[in-house]
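# Understanding the architecture of this molecule
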Amino acid sequence: MPVIQTRQLSKSVGETSLLNQITLSLEAREQVALVGRSGSGKSTLLGLLAGLDLPSSGEVWLEGQPLHALSENARALLRRETVGFVFQSFQLLPSVSALQNVLLPLMLLANSSERRNTVLTRTAMETQAAEMLDRVGLAHRLHHSPSTLSGGEQQRVAIARALVHQPRLVFADEPTGNLDGKTAADIESLLFQLSEQQGTTLLMVTHDRHLAARCQRQLHLVDGELVENHGNPANKDRNQRERHITDEQEASSQATLHRSLPDETAA
Ligand SMILES: Nc1ncnc2c1ncn2[C@@H]1O[C@H](COP(=O)(O)OP(=O)(O)O)[C@@H](O)[C@H]1O
Ligand SMILES: [Mg+2]
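Anyway, here's the lowdown on the structure attached to this text.

Rules and cut-offs
Sequence order sets the numbering: in each chain, residues are counted from 1 along the sequence as written. Labels are handed out in written order, letters beginning with A for the chains and numbers beginning with 1 for the ligands. Where local features are concerned, this predicted model is filtered to residues with pLDDT of at least 70; where side-chain atom pairs are given and counted, the filter is 80 or more; whole-chain, interface and lining totals use all residues. In this text, helices come from DSSP runs of H or I with a minimum length of four residues, and strands from runs of E with a minimum of two, each type numbered from the N-terminal end. Think of it as a crowd count around each C-beta: if 20 or more other C-beta atoms lie within 10 Å the residue is buried, if 12 or fewer it is exposed, and in between it is partly exposed, with C-beta placed from the backbone throughout. Only strands that DSSP links by at least two bridges are regarded as paired with each other. Angular values range over 0 to 180 degrees, each being the angle between N-to-C directions of two axes fitted as lines to C-alpha atoms, with helices fitted over their stretch in contact. To estimate how far a helix should extend, the number of its residues minus one is multiplied by 1.5 Å. In this description, the arc belongs to the directions extending from the helix axis to the C-beta atoms. We call two residues in contact when the distance between their C-beta atoms, placed using the backbone, is within 7 Å.

## Structural notes on the overall build of the protein
When helices and strands are counted, the protein shows 9 helices and 10 strands. With 267 residues in all, the protein has 37% of them scored as buried.

Structural data, given as structure tokens:
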């Protein structure tokens, strides 16, 4: 069974179509790049896949459950158990420590009634959160608040928070867009490495061609429509022409690589 699957997923706001009939399927342990220029609908798609937003039509099946047909509470519960999310802008709680930030998903899970029989003690949760921070290289920063950490360190905390409950699926929306080149490369490697170690499916929005090439699959969003590169180099040139990805679009993607601006399209 795919970890996540969509059927003819569409999203419109008013008269404007943002996503048009997206059908895709991600299997366990796949690492997939989602690319497309600014405004092509990448964040909108991630929001639908994570059940943060509802489609105008079509279906999203997360681990065999119909996200599109569930109540907001049921979606939140399924998301807590199954999904980790890494944002470009980190989105950490500013006033509490790195450890508290990483504890949060575990505490939320412990509070959902369905999980009461598997609840960890507070001490066990703290140990798990501290171990996760150790794995992202922040064992020496457990009690620092985000404002005292560098951008790269903050994103490491965000990655620890996204992975601490061992989700089957991790979404990363331009996770290195706010970081300098060297830090971005380190963070990308970390995400790949941890998702491999944990057997997690990873769907990452990126403008970085090298990073996209590192993924087993590349999904391109072009004006709300999805086209896939199955990674066969022999097909690459032809695929690119079919995808209408022009040199200009490529250049604009490259220009946004590693820029240090906030995501103007973030919801
Ligand atoms: N709630 C909304 N209402 C109207 N337009 C929206 C809304 N959310 C996103 N959009 C528009 O949809 C398009 C896709 O947005 P987005 O998914 O953020 O693109 P990307 O992440 O690829 O840059 C953009 O043109 C954006 O302005
Ligand atoms: Mg976006």
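## Here's the deal with the pairing of strand β6 (residues 83-87)
Two faces belong to every sheet, and in a regular strand the side chains alternate between them. In terms of burial, β6 is largely enclosed, as 5 of its 5 residues are buried. Taking every second residue as pointing to the same face, both faces of β6 are buried, with Val83, Phe85 and Phe87 on one and Gly84 and Val86 on the other. As judged from the 5 bridges shared by β6 and strand β7 (residues 169-173), these two strands associate in the parallel manner. When the bridges of β7 are listed, Gly84 appears paired with Val170.

## Some thoughts on unusual backbone geometry
Positive phi values are uncommon outside glycine, yet Gln91 reaches one of about 55°. Its identity as a non-glycine residue notwithstanding, Glu174 has a phi of 50°, on the positive side. Within the secondary structure layout, Glu174 lies in the loop between β7 and α6 (181-198).

## A word on the sheet that holds strand β8 (residues 201-205)
Strands sit in the order β6-β7-β8-β3-β9-β10 across an open sheet of 6 strands; the sheet is mixed. Since the sheet does not close on itself, it has two edges, and those belong to β6 and β10 (225-229), each with one partner. Here the strands of the sheet are splayed against their neighbours by 20° on average, with no regard to which way each runs. For strand β9 (residues 217-222) and β10, the ladder comprises 5 bridges, and the chain directions are antiparallel.

## Considerations on α6
Here α6 is 18 residues long and its end C-alpha atoms lie 26 Å apart, about the 26 Å a rise of 1.5 Å per residue gives. Considered for burial, the residues of α6 that qualify are Ala184, Ile187, Glu188, Leu190, Leu191 and Ser195. One face of α6 carries all of its buried residues, which in axial projection span an arc of 160°. Along α6, the residues that are exposed and aim more than 90 degrees away from the buried face are Lys182, Ser189, Gln193, Glu196 and Gln197. Residues of α6 that are buried make contact with β3 (31-35), α5 (151-163), β7, β8 and α7 (209-214). A positive phi of about 65° marks Gly199, the residue just after α6.

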